[in-house]
Amino acid sequence: MFDQKEIAAYRSISAPDSLRDKVLSSCTNMAPKKRNPRDYMRMVSSIAACFVLVSVLAVFGAQSYGHVSVSLSGEKLREDQSMSYHTPISAQAVSMYREREGTTVLFEFDGHAALSVSDGDMAIVDADTQDILYTGTEYAIDGKTLVNWTVHADDTAKTFEMTVHGAFKTEKIILTYDADENEWSVIRKEVK
């Protein structure tokens, strides 16, 4: 498009020395622009607002992450709440029953925690297929989890404990059997 001679001629053009000296001297005489204190206040308040927003979201996120919901037979088991059940005649009608070889208590957990039991075994059950996914004494839950806790209550005065290690607190679920009343008692307490 352009000829090489035209390009060379364009490059050889320069501003007169007097104009160049004027432009350079006007730049050196100019004082640097001072910032307005309002600009600093806007910047600091924007950073503070971002910090507050992140803090609020972190607190709300941590509360929902650290909370573990426990349900027993469809009823929510709250902290320091005791639930009692009489041993049913028909094991199919109630989700908690006492058999000759042991007693199985069905819990539903929702949250993030590590579970461990003092006695007995936990069976982690798939909610859809009712297949047993894991059997043992320790398990880490993540979300909704069905847990069948089986204890062997040969000694009726014995207390059974399940420890729930959440993100911010540790709780115990205590299971006891009263032979005189023929009922199980379940209580949820925070470990201090």
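Below is a summary of the structure that appears in this document. Each chain has its residues counted from 1, running along the sequence as written. Totals for whole chains, interfaces and linings use all residues, but because this is a predicted model, local features are given only for residues with pLDDT of at least 70 and pairs of side-chain atoms are given and counted only at 80 or more. Calculated side-chain values reflect all of the structure's heavy atoms, with hydrogen atoms and water omitted.

Digging into the pattern of salt bridges
In the sections that follow, a salt bridge refers to a side-chain nitrogen of Lys or Arg positioned within 4 Å of a carboxyl oxygen of Asp or Glu. Overall, the coordinates contain four salt bridges when judged by the stated rule. Here Glu161 ties to Lys172 by a salt bridge, and the two come within 3.4 Å at their closest N and O atoms. Of this pair, Glu161 sits in strand E9 (residues 159-166) while Lys172 is found in strand E10 (residues 170-178), placing the two residues 11 residues apart along the sequence. The shortest N-O distance in the salt bridge between Glu171 and Lys169 comes to 3.7 Å. What makes Glu171 buried here is its relative accessible area of 3%. When salt bridges that share partners are traced, they join Lys169, Glu171 and Arg188 into one network. A run of H or I in DSSP becomes a helix once it reaches four residues, and a run of E becomes a strand once it reaches two; helices and strands are each numbered from the N terminus. Note on classification: 1.4 Å probe, protein chains only; a residue is buried when its accessible area is under 20% of the maximum for its type, exposed when over 50%, partly exposed between these limits.

Some words on the environment of His165
As for its placement among the helices and strands, His165 is situated in strand E9. According to the relative accessible area criterion, His165 is partly exposed, its value standing at 39%. Each C-alpha atom of the pair His165 and Ser116 lies 8.4 Å from the other, and the pair is 49 residues apart in sequence. Residues are treated as being in contact if the distance between any of their heavy atoms lies within 4.5 Å. The residues contacting His165, other than those within four sequence positions of it, are Ala113, Ala114 and Thr170.

Structural notes on the pairing of strand E7 (residues 132-136)
For two strands to pair, DSSP has to find at least two bridges joining them. Direction of pairing for strand E6 (residues 121-125) relative to E7: antiparallel, over a ladder of four bridges. When the bridges of E7 are listed, Ile124 appears paired with Tyr134. Where E6 hands over to E7, the hairpin turn is made up of six residues, of which Gln130 adopts a positive phi near 65°.

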